[in-house]
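# What the coordinates show
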Amino acid sequence: MYVARLEPYRLSDLKKLVDEIRDHPLVEVSTIGKTVKGRPLGIIRVGHPDAPHRVLIRARAHAWEPGGNWVVQGLIRRLLRDDEDARRYLKRYCVFIMPMANKDGVARGWTRFNVAGKDLNRNWDLPADPVYAPENRALETWIESMIAAGRRPDLMVDFHNDQSGRLHVSRPNVEVDKYLANMARLEKLMRVHTWFTEGATGSNHRTLGSIGEGLLERYGVHACIQELNANRIAGLDDYPSGEHWEEFGRGLCEVYYHYFSPEIDP
């Protein structure tokens, strides 16, 4: 018997999604590295690589937190619907997704760390250890290659589950005024176009070494951590489910469209 607190999303579910979309003309699936145990790590590109803006998404850095996988699935399927709205979205931005960072942990039914004992949402203030955190090193190398090619991600979102469901906005020791304004814009847009109501972390929030802080401080990427409440979705007054998180992912397509708009209000 298996007991899951949250609706599971397995390696086999990811494989089904990748098999479903792999041959789509707007999709590219690339292998960028391997986990500690040698499982391939991929980046899924959805959209035109020369689109004006780029969103980078990571899910499942912590194995017990499947919400991000459901969000990613809803977002990808919405972007590939080939209707007027989908075409509008993909004229403005392209999405790059690392859908399951901690594959070894997911396969073993673990909770937070990779199989070498590393938290993949820490130590981003320094170069990743290729032995103990090859999952982070693979993404770090990919980001560096994008920057070198003149395609720095404009926005990075790392999806997690916790008991609050908040948007975690970091404040490392760099110039953050524009970043904070963009995060406030992102929060406002999520309130308009999704069921999100939980709000953002306070003005003194720091998560030292998190991917949000590390990417902003080291690479100038406007990065944040989006928690998904594992207990209750406040905006729906309902329990968290894969269906609800897919709905959130579909709404994010509209959010990102307006985030990269010159409009001041959503």
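Residues numbered from 1 in each chain as written. Predicted model: local features only at pLDDT ≥ 70, side-chain atom pairs only at ≥ 80, totals over all residues. Heavy atoms only, no water.

Okay, the overall build of the chain next. Within the chain one finds 8 helices and 7 strands. A compact globule built from 266 residues would reach a C-alpha radius of gyration of about 18 Å, and the chain, at 17 Å, matches this within 12%. Principal axes of the C-alpha set define a box for the chain whose edges measure 45 × 40 × 40 Å. In the chain, which comprises 266 residues, the share counted as buried stands at 56%. Nonlocal contacts in the chain, meaning residues at least 24 apart in sequence, comprise 77% of its contacts between residues at least 6 apart. Positive and negative charge centroids in the chain, built from 37 and 37 side chains respectively, lie 3 Å apart. (Helix = DSSP H or I, 4+ residues; strand = E, 2+ residues; numbered from the N terminus. Rg over C-alpha atoms; globule rule 2.2 N^0.38 Å. Buried < 20%, exposed > 50% of the residue type's maximum accessible area, 1.4 Å probe, protein only. Contact = heavy atoms within 4.5 Å. Lys, Arg positive; Asp, Glu negative; His and termini not counted. Charge placed at Lys NZ, Arg CZ, Asp CG, Glu CD.)

On to the side chain of K103. As for its position among the elements, K103 is in helix α4 (residues 103–108). Of the side chains with opposite charge, D104 lies nearest to the buried K103, which makes no salt bridge, at 8.4 Å. Side-chain polar atoms of K103 contact the backbone oxygen of P40, separated by 2.7 Å. Those residues in contact with K103 that lie beyond four places of it in its chain are L11, L14, T35, R39 and P40. (Salt bridge = Lys/Arg side-chain N within 4 Å of Asp/Glu carboxyl O. Polar contact = N/O pair within 3.5 Å; in protein donor to acceptor, adjacent residues only side chain to side chain.)

Okay, empty space enclosed by the protein next. The tally for this structure, following the rule as stated, stands at 2 cavities of 30 Å³ or more. For the lining of the largest cavity, the element with the most residues is strand β7 (residues 223–229), which contributes 4 residues. Estimates place the volume of the second largest cavity at around 40 Å³. Lining the second largest cavity we find V157, F159, L167, L186, M190, C224, Q226, F248, L252 and Y256. Secondary structure elements with two or more residues in the lining of the second largest cavity: β5 (155–162), α6 (177–193), β7 and α8 (242–259). Looking at the lining of the second largest cavity, the element that brings in the most residues is α8, giving 3 residues. (1 Å grid on protein atoms, 1.4 Å probe; cavity = no way out; pocket = protein on both sides within 12 Å on 5 of 7 lines; lining within 4 Å. Points joined across faces, edges and corners; volume = space filled by probe spheres on them.)

What follows deals with the pairing of strand β3 (residues 53–59). Burial within β3 is extensive, with 6 of its 7 residues counted as buried. The pairing of β3 with strand β4 (residues 93–98) spans 6 bridges and is parallel. The residue of β4 that forms the bridge with R58 is M98. Direction of pairing for β3 relative to β5: parallel, over a ladder of 5 bridges. Across the sheet, A59 pairs through a bridge with F159, a residue of β5. (Pairing = 2+ DSSP bridges.)

Below, the discussion takes up the packing of helix α1 (residues 11–21) against helix α2 (residues 67–79). At a minimum axis separation of 12 Å, α1 and α2 run at an interaxial angle of 10°. One finds that α1 runs roughly parallel with respect to α2. Mapping the contact onto sequence places L17, E20 and I21 in α1 and Q73, I76 and R77 in α2. In the contact of α1 with α2, the residues fall into 3 nonpolar, 1 polar and 2 charged. (Axes fitted to C-alpha atoms, helices over the stretch in contact; angles between N-to-C directions. Parallel < 35°, antiparallel > 145°, perpendicular 65-115°, else oblique. Nonpolar A, V, L, I, M, F, W, Y, C, P; charged D, E, K, R; others polar.)

Purely geometric stuff here, so don't read any function into it on its own.
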